[in-house]
Amino acid sequence: MPGLLLYFILGILPNFIGLGLSFVNTNNFNIKNMTYAGLQNFINILTNPTINIAISNSFIFAGLTTFFKVGTGLVLAIFLNQELKTRNFVRAVFFFPAILNVVAVGIVFSSLMHPLGVINNFLGAIGLETLAQDWLTNPKIAIFSVSVIEIWMWSGFTMVILLAGLQSISKDYYEAASIDGATTFDKFLHVTFPLIMPYFNNALVVNIIGGLSSFGLIYATTQGGPGNATEVFGTFVFKSFGSGRYGEGSAANLLLSIIVLIIVIPTYKYIAGKEVEL
Amino acid sequence: MVIGKKVRHYLGEAFALLLSLIVLIPLYMLFIGSFKNSAEASRFNLALPTEWNIIENYTRMFKLGGLSTAFKNSIIITVTSVVILIAISSTSAFILQRRKSRFTGLAYNMIILGLVIPGSIIPMFFISKFMHLTDIPQIAAILNLVVSQFPLAVFIYFGGFKGIPQQIDESAFIDGSSLLRLFTTIVFPLLKPVTATIVIISFMNIWNNFNLTLYFLNSPKTFTLTLTIYNFMSTYNSDWNLVFANVIVCSLPVIVVYFTLQKYIISGMTSGSIKG
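Fair warning: this is a prediction, and the values are worked out from it, not measured in the lab.

Trainee: Help me understand the overall build of chain B in this model?
Mentor: If you tally the helices and strands in chain B, you get 13 helices and zero strands. Rg of the C-alpha trace for chain B: 24 Å, well past the compact-globule value of 19 Å for 276 residues, more than 25% over. For chain B, the C-alpha atoms occupy an extent of roughly 75 × 70 × 30 Å along the three principal directions. By the burial criterion, 52% of the 276 residues in chain B qualify as buried. Across chain B, the centroid of the 19 positively charged side chains sits 8 Å from that of the 9 negatively charged ones.

Trainee: Hey, could you run me through helix α10 (residues 192-207) of chain B in this one?
Mentor: At 3.6 residues per turn, the α-helix brings residues three or four places apart onto the same side. The terminal C-alpha atoms of α10 of chain B lie 22 Å apart, and with 16 residues this matches the ideal 22 Å at 1.5 Å per residue to within 8%. Of the positions making up α10 of chain B, those classed as buried are V194, T195, T197, I198, I200, I201, S202, M204, I206 and W207 of chain B.

Trainee: Help me understand the environment of K269 of chain A, please; the structure alone is not making it clear to me.
Mentor: Here K269 of chain A is to be found in helix α12 (residues 246-274). For the pair K269 of chain A and N201 of chain A, spaced 68 residues apart in the sequence, the C-alpha separation amounts to 9.3 Å.

Trainee: Which parts of the structure should I look at to understand the pattern of salt bridges?
Mentor: Oppositely charged side chains can pair when the atoms bearing their charge come close. Residue and element names in this part refer to chain A. Summed over the entire model, instances satisfying the criterion amount to three salt bridges over all chains. A salt bridge links E150 to K69; the shortest N-O distance between them is 3.0 Å. Here K69 lies in helix α3 (residues 49-80) and E150 lies in helix α7 (residues 142-167), a separation of 81 residues in the sequence. When its relative accessible area of 8% is taken as the criterion, E150 is described as buried.

Cut-off values and rules
Residue positions are given per chain, counted from 1 along the sequence in the order it is written. Going through the entries in the order they are written, you letter the chains from A and number the ligands from 1. Since the coordinates come from a predicted model, pLDDT governs what is reported: local features require at least 70, and pairs of side-chain atoms require 80 or more to be given and counted, while whole-chain, interface and lining totals use all residues. Side-chain figures throughout are based on the complete set of non-hydrogen atoms in the structure, without hydrogens or water. Helix and strand assignments come from DSSP, with helices taken as H or I runs of at least 4 residues and strands as E runs of at least 2, each series counted from the N terminus. Computation of the radius of gyration draws on C-alpha atoms alone. For the globule rule, the value is 2.2 Å times the number of residues to the power 0.38. Exposure categories follow from relative accessible area, calculated using a 1.4 Å probe and restricted to protein chains: below 20% of the type maximum is buried, above 50% is exposed, and the middle band is partly exposed. When charges are tallied, Lys and Arg are placed among the positive residues and Asp and Glu among the negative ones, while His and the ends of the chain are skipped. Lys charges are placed at NZ, Arg charges at CZ, Asp charges at CG and Glu charges at CD. Multiplying 1.5 Å by the residue count of a helix minus one yields the expected span of that helix. For salt bridges, the criterion is a side-chain nitrogen of Lys or Arg within 4 Å of an Asp or Glu carboxyl oxygen.

Next comes the structure, spelled out in structure tokens:
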């Protein structure tokens, strides 16, 4: 029971306090100095051009990374579900980035994506100098570059989730399908995919939540910059915190929570409704 | 036909190895970069260093980095958090699973909601400050890290307790065992694999945590390893060789753990997303 108490104080209560803080003026953590602000914090953040960038970046980042993490994860999982001698090695290698911390990964990619870095060198070496970019310092493409880092980091993790799904399917189904004359593609569409749906759903939802509330990787690579080009909710909240605009930070966080709920719960329920019962 | 199959198989193997280069090349660059001199490291290429400054780079980095304090902090914060987390999440999940009432149902749903909603760190900081926990930042960090891992731990334990028939509790009570004894000597030991999974997940999440610790631990004295990398990077960003060496040494503990317990780590870290 003390556990529940701790969770209520530091886990659930903050959400309500956050709701409260969203409606007050405060620049320190002193209750006496707070005044009621009404919707002012929400008006402030919603009229702040930065939040628009943060909202659209959060969506771009979450959408792109979820799509590619689940897509790459699925292709890798199907590929590594074959009997290959190198299977365990490759699986371990692809999972590896997930055990590193975001700052370490951020630094590795800051150097790879450096204007003089390996990626541009490689493009130069194969005669595609024109494609060389200032990956993380060009405001137009920086958000896509950090998405690539996130995809590199977590595709292997997603692959393992989906691989567990593939390995849960009994071979009998494939044999039965073969007897019925199903092609490889038919088998995937009508046997594999419906049966890994619960795993697919979890992978999807975990990645959407992670994408929308991402902070660490972006903060470690670009701090939301150049300018505000890679600002997302997480960096916006942290900057509000850093400059003492606690009310605005809480309001932004509340907005994020609502967005996450509105997107995640219907998605999860919709896919769960399509799962087949065995 | 048979030969064709064999060729395809070897092509598959070769392709698999080729794919793994996507992960391995960046790591190779990190590794080799940490042996170069400053000028060569900032050229960021994959070439071998012309002079191998292994000892020189690493000793300089150790002198500048404050790594021993950070390592100690990381160990203290992670171990304490994981121990507290296991103690409170297992007991909470047990009570929530065994006592069916409107309150426990509501409490469980609130906790599960915590799996979806991102933590509101500013109010968490606010409450911690209000309760004077932030006077000792490590304590505030530990408690908030525990809370951040609590929903997933309760969720996994809850599933585990479901699998233990209630008849076991009843027969233990008939034999005169107390609730505490029942839990510590019978039920908890039955869930060793579940506990192992939660230890792995929370250990990795807390050890690598950057989001929460960045808010709560803001002086070099309280930095964890993850925070020192960030700090080192901002301070010595012109000496990429030292930055690389710093990243390697700070990541070494998890890398060693990963190589020794690889199978358990992979299945442990993903099981939270599989059972859901």
